[in-house]
Amino acid sequence: MLNADALSQLRQLKSDIEEHKVVYPGTVKATNGRFGFVALDDGRDVFLPPEEMQKVLPGDRVNITEQDGDKGKTQGVVDELLQSRLDTFVGRYIIRGKGHFVAPETPGINRWIFIPPKERQNAEPDDYIYCQIHRHPIKDGKGQARILKVIGKAGDAGIERALTLATFDLPDTWPEAVVTQTEALDESAIEAHRSEREDRTDQPYVTIDSPGTQDMDDALLAEPNPTGWTLSIAIADPTALIEPGSPAEEEAFRRATAIYFPGEPLPMLPDSLSTRLCSLMSQVDRLALVCDLQVNNDGSLGDYSFHRAVIRSQGKLSYELVSNLIEGRVDDDIKALPDAVTNSLDQLHQAATALRKWRAEHALLGGDRPEFRLRLDENRRVRQIEPAVQNEAHRLVEECMVAANRCAADFLGKQSRGLFIQHPGLRSDRVDNIKALLEGFAPQCSSLDIGQAEGFRELMKQTEGLEAEVPVKTIISRQLARAELSLKPGAHQGMGLSAYTTFTSPLRKYTDFHVHRLIKSALWDTPVKDLDDDRLEILQRAQLQARQAANSLESWLRSDFARTLGEGHLTGTISRTTPAGFFVRLDCNGLEGFVSCKTLDGKFSFDPVTLRLVHNKNGRIFQLEQPVTVSFAGVDDERKQILFNLVEASAEADNGDEA
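The structure presented is a predicted model; accordingly, all values stated were derived computationally and were not measured.

K.L.:
I tried to follow the overall build of the protein chain on my own but got confused; where do I start?
P.N.:
When helices and strands are tallied, the protein chain shows 17 helices and 29 strands. In terms of overall dimensions, the protein chain is globule-like: its C-alpha atoms have a radius of gyration of 29 Å, near the 26 Å expected for 659 residues. Taking the principal axes of the C-alpha coordinates as reference, the protein chain spans close to 100 × 70 × 50 Å. Counting over 659 residues, the protein chain shows a buried share of 50%. Counted over contacts in the protein chain with a minimum sequence separation of 6, partners at least 24 positions apart contribute 65%. For the protein chain, the exposed surface amounts to about 32,200 Å²; the carbon and sulfur share of it is 47%.

See below:
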């Protein structure tokens, strides 16, 4: 038995060790295996063996020490938990013997977590459940969870949407304070603002949208003048009815955007506002923020102004009807339109054509990539995938919205505060690869300064339709940076514009809602709650999370529908390449599936410059835009990824290989 002196010496030794040991802060990164890594703040990745990985969760901020592991390799030992970012997650309820567990669906948690008796919420085996970490495993590797909600079982109608909402922590109900606030509003709220606004209820504004759209946030009209057209874009004005900093505005900020899930969207504002009181419905008076602008004959923009107004849409028109009118296909619905409306639509088409011509010459147009729409059945699963046709009416609306947004960006650029969308062009880590691509396959472009807006714009113009051994423009387009929000104006290189923002969708996007606040504050001294860098970052993350959620649900629904493809041969084109294989987009329905190099004969090398896969021996090539024929090979349920087998290359691909 140790005496008091010996115990004191041991305590002092332990204290000295603690005082002099070197700890390194970092973030836990999970893998598909039981081991993991810690990404240290100094830039290094340190291996975490399974017994240490058992103590942490993906995304945890920890301090570690280093020690020698097997074969002399350095490995980490978790010393202290600094912060745990994983709070809630989705999983399946598992019972083994007397133990009740959740098997997390969260990537990187490759173990079951115990659920104590008081936290089980009467869940049944194989239920999908929404859980919260109840006890972190940092002390002994034995974490615990509590069930917050039983979501349902696989096969339940709508289970995919419910699981997506829970996985991404997206709310499907409104806070009580928001309900109380919005239920207190009615048509009298519009009347209360009438005296401070221009009365434009007799002007032939119309909305142009899909037949099922209810949250209509823009109405248009145009009139000719000696130098072009006066274009008027009326945008729904929810900021007039929602007080700054109120529960409804804070909830809109938290949601950031409406999410258009197939079958059932998740709105940013309650339906009482977004589809009724603020929506620019036909034949009712609605509040609007209007941008009047001069479109010159050459498509350039002249003077513009913003107005608070009351409008009355003269018609809820569909894209198909307006396209028929533009193309001269007259039917009974078109004959029923008032002359003032048809005259305005004709002028809108002429103005939009000029605007598009100007953008084609002086800025950049987005490509018309074929899109497909998911049609769901009564069980909320995909019944049919059909092409979403883009016609002249779609382009008309697009040009009007871009023009109005350009005016908003120009106006805010002259103020002391604003909200803008910047796009830096190419990803900084891909610039050298693109330069090598140009030197090899488009030498006429190799001298362009692609890091600058003008050089990037010229690059995208010169590579449009370029005949080369590789699809140069497509390769460049796969390596663009993501657009970012900014409080200061800056180039949007993806559109070829010196500054850009959006204000035409305030019912659907908080950024547009906030731009309304800024414009009205500058012109009429109305209150606005400014965004700072922290709130801007929160908003950007929420937007990204919304996109990820929408993509996740669509991938799930598409992969489930893919099981109906059968064993036949399917034609498509290569849409993306990776060192492990390539993705093919089917011609018939737009489904994308993966062809693994493991299923191909021989070994392939990946060229990061041309994004090609090249056979190591016979030189066979797989590259972007290459036509191929595939067959359905199954679904990777964990990744919600469709799998294809290559059947044969098309004649065009064979010719490309010989070249």
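Past the structure itself, the notes keep going.
K.L.:
Please clarify how the nonpolar core should be interpreted in this entry.
P.N.:
In summary, soluble globular proteins display a tendency toward joint burial of nonpolar side chains. Within the largest apolar cluster, 83 residues are counted, with the highest numbers of intra-cluster contacts made by Ile208, Leu220, Leu231, Ile233, Leu345, Phe503 and Ile519. Of all the elements, helix α11 (residues 392-413) adds the most residues to this core, at twelve residues. For Leu220, the contacting residues outside a window of four places in its chain are Pro204, Tyr205, Val206, Ile208, Ser232, Ile233, Ser344, Leu348, Leu396, Val397, Cys400 and Met401. Counting residues in each nonpolar core, the second largest holds 56 residues, with Ala442, Ile574, Leu586 and Leu611 among its members.

K.L.:
What should I look at first to understand the sheet that holds strand β11 (residues 198-200) in this one?
P.N.:
Strand pairing in a sheet relies on backbone hydrogen bonds, with the paired strands running either antiparallel or parallel. Spatial strand order, β11-β16-β15-β14-β13: five strands in an open sheet with mixed pairing. Since the sheet does not close on itself, it has two edges, and those belong to β11 and β13 (218-225), each with one partner. Ignoring which end each strand starts from, the neighbouring axes of this sheet average 35° apart. Summarising the sheet, β11 and strand β16 (residues 301-312) pair through three bridges and their orientation is parallel. Within β16, the residue paired with Arg200 across the bridge is Ile311. Contacting β13, β14 (228-236), β15 (285-296) and β16, helix α10 (residues 339-362) runs over the sheet at an angle of about 85° to β13. In the packing of helix α15 (residues 510-524) onto the sheet, contacts are made with β14, β15 and β16, and the angle to β16 comes to roughly 100°.

K.L.:
What's the story with the side chain of Gln626 in this structure? I'm lost.
P.N.:
In this fold, Gln626 is placed in the loop between β27 (621-622) and β28 (627-636). A relative accessible area of 7% means that Gln626 is categorised as buried. Within the structure, the side chain of Gln626 is placed 3.4 Å from the backbone oxygen of Ile621, a separation counted as a polar contact.

K.L.:
Before we go on, may I ask you to explain the packing of α11 against α15 in this structure?
P.N.:
A pair of packed helices is captured by two measures, namely the crossing angle of their axes and the spacing between those axes. Close contact between α11 and α15 brings their axes to 11 Å; oriented N to C, the two are set at 50°. For the element pair α11 / α15, the angle class is oblique. The way α11 lies across α15 gives a crossing that is left-handed. Counted together, Ala408, Phe411 and Leu412 of α11 and Val515, Leu518, Ile519, Ala522 and Leu523 of α15 form the full contact between these two elements. Residue composition of the contact of α11 with α15, grouped by class: eight nonpolar, no polar and no charged.

K.L.:
I keep staring at the pattern of salt bridges and nothing clicks. Help me out?
P.N.:
Close approach of charged atoms allows side chains with opposite charge to pair. Scanning all chains against the criterion turns up 51 salt bridges. Salt-bridge contacts for Arg558 lead to Glu554; the nearest nitrogen and oxygen are separated by 3.1 Å. Note that Arg558 and Glu554 are positioned in helix α16 (residues 533-562) at a spacing of four residues, about one turn of the helix. Under the relative-accessibility criterion, Arg558 is labelled buried at 17%. Since its relative accessible area comes to 26%, Glu554 is described here as partly exposed.

K.L.:
Explain the pairing of strand β9 (residues 128-135) to me, please; I cannot follow it from the model alone.
P.N.:
Each regular strand shows side chains that alternate between the opposite faces of the sheet. Taken across its eight residues, β9 has six buried, putting it largely inside the fold. Pairing between β9 and strand β10 (residues 144-152): seven bridges, direction antiparallel. Pairing of Arg135 across the sheet is with Gln144, part of β10.

K.L.:
What is the right way to read helix α4 (residues 176-183) from this model?
P.N.:
The periodicity of an α-helix, 3.6 residues per turn, causes residues three or four places apart in sequence to face the same way. Among all positions in α4, only Val178, Gln181 and Thr182 are buried. Down the axis of α4, the buried set is contained in an arc of 90°. They therefore lie on one face. The exposed set on the far side of α4, more than 90 degrees from its buried face, consists of Glu176, Thr180 and Glu183. Against α6 (247-255) and α7 (271-277) lie the buried residues of α4.

K.L.:
Would you take a moment to explain the sheet that holds strand β25 (residues 604-607) for this structure?
P.N.:
Taken in spatial order, the three strands line up as β25-β26-β27 in an open sheet, and their pairing is antiparallel. Looking at which strands have only one partner, the edges of the open sheet turn out to be β25 and β27. Two elements, strand β26 (residues 612-615) and β27, share two bridges in a ladder whose sense is antiparallel. Paired with Val614 across the two strands is Ile621, which belongs to β27.

K.L.:
Explain α15 to me, please; I cannot follow it from the model alone.
P.N.:
Taking 1.5 Å of rise per residue, the 15 residues of α15 would be expected to cover 21 Å, and the 21 Å separating its terminal C-alpha atoms lies within 8% of that figure. Burial analysis of α15 places twelve of its 15 residues in the buried class, the great majority of the element. All of the buried residues in α15 are Tyr510, Thr511, Asp512, Phe513, His514, Val515, His516, Arg517, Leu518, Ile519, Lys520 and Ser521.

K.L.:
How do you make sense of the pairing of β28 when you look at a structure like this?
P.N.:
In terms of burial, β28 is largely enclosed, as seven of its ten residues are buried. Pairing between strand β22 (residues 570-578) and β28: four bridges, direction antiparallel. Across the sheet, residue Thr571 finds its bridge partner in β28, namely Thr629.

K.L.:
Quick question: what am I supposed to make of the packing of aromatic side chains here?
P.N.:
The description of an aromatic ring pair uses the distance of the two centres, along with the angle that the planes make with each other. Under the criterion given, the structure shown has 13 aromatic pairs. Seen in terms of ring centroids, Phe35 and Phe37 are 6.1 Å apart; in terms of plane orientation they differ by 85°. Their pairing is edge-to-face. Judged by its relative accessible area of 33%, Phe35 falls in the partly exposed class. Take Phe37: its relative accessible area is 27%, and that puts it in the partly exposed class. Ring centres 5.9 Å apart and planes at 70° place the aromatic pair Tyr304 and Phe306 in the edge-to-face group. You can call Tyr304 partly exposed: its relative accessible area is 22%. Here Phe306 falls in the buried class, since its relative accessible area comes to 7%. Taken together, Tyr304, Phe306, Phe411 and Phe503 form an aromatic cluster joined through their ring pairs.

K.L.:
Sorry if this is basic, but what is going on with the environment of Asp202 here?
P.N.:
Residue placement: Asp202 occurs in the loop between β11 and β12 (207-209). Residues Asp202 and Tyr128, spaced 74 residues apart in sequence, show a C-alpha to C-alpha distance of 55 Å.

K.L.:
Hey, could you run me through unusual backbone geometry in this one?
P.N.:
Generally, phi is negative for residues other than glycine and the peptide bonds are trans, each holding for most cases. The phi angle at Arg380 is positive, at roughly 65°, despite the residue not being glycine. Mapped onto the elements of the fold, Arg380 is located in the loop between β18 (371-376) and β19 (382-388). Owing to a relative accessible area of 40%, Arg380 belongs among the partly exposed residues under this scheme. With phi around 60°, Asp525 is a residue other than glycine that occupies positive phi space. Looking at where Asp525 falls in the secondary structure, it is placed in the loop between α15 and α16.

Definitions and cut-offs
- Per-chain numbering applies: the sequence of each chain, read as written, is numbered from 1 onward.
- Local features in this predicted model are restricted to residues whose pLDDT is 70 or higher, and side-chain atom pairs enter the listing and the counts only when it is 80 or higher, whereas totals over whole chains, interfaces and linings include all residues.
- Side-chain numbers come from the whole structure's heavy atoms, not from hydrogens or water.
- Helix and strand definitions here come from DSSP, where helices need a minimum of 4 consecutive H or I residues and strands a minimum of 2 consecutive E residues; each element is numbered from the N-terminal end.
- When we talk radius of gyration, it's over C-alpha atoms, and the globule rule is simply 2.2 Å times the number of residues to the 0.38.
- A 1.4 Å probe rolled over the protein chains alone gives each residue an accessible area, and that area as a share of the maximum for its type sets the label: buried under 20%, exposed over 50%, partly exposed in between.
- Residue contacts are defined here by distance: any two heavy atoms, one from each residue, within 4.5 Å place the two residues in contact.
- Per-residue accessibility takes into account occlusion by the displayed protein chains alone, with areas from the Shrake-Rupley method and a 1.4 Å probe.
- We define a nonpolar core as any set of buried Ala, Val, Leu, Ile, Met, Phe, Trp, Tyr and Cys residues linked to one another through side-chain atoms lying within 4.5 Å.
- By definition, two strands form a pair when at least two bridges between them are found by DSSP.
- Here, axes are lines fitted to C-alpha atoms. For helices the fit covers the stretch in contact, and angles between N-to-C directions go from 0 to 180 degrees.
- Whenever two N or O atoms come within 3.5 Å, that pair is a polar contact, provided that in protein one can donate a hydrogen and the other can accept it, and provided that, for residues adjacent in sequence, both atoms are side-chain atoms.
- For classification, angles of less than 35 degrees are called roughly parallel, those exceeding 145 degrees roughly antiparallel, those between 65 and 115 degrees roughly perpendicular, and all remaining angles oblique.
- Definitions for this section: a left-handed crossing has its near helix turned counterclockwise from the far helix by less than a right angle. A right-handed crossing has that turn clockwise.
- When residues are sorted by character, Ala, Val, Leu, Ile, Met, Phe, Trp, Tyr, Cys and Pro go into the nonpolar class, Asp, Glu, Lys and Arg into the charged class, and all the rest, Gly among them, into the polar class.
- Note on definitions: salt bridges are taken to be side-chain nitrogens of Lys or Arg within 4 Å of carboxyl oxygens of Asp or Glu.
- The arc in question is formed by the directions pointing from the helix axis toward the C-beta atoms.
- Expected helix span is computed as 1.5 Å times (number of residues minus one).
- Only Phe, Tyr and Trp rings are paired, with Trp represented by its six-membered ring, and only when their centres lie within 6.5 Å; those with planes under 30 degrees apart are stacked, over 60 edge-to-face, the remainder tilted.

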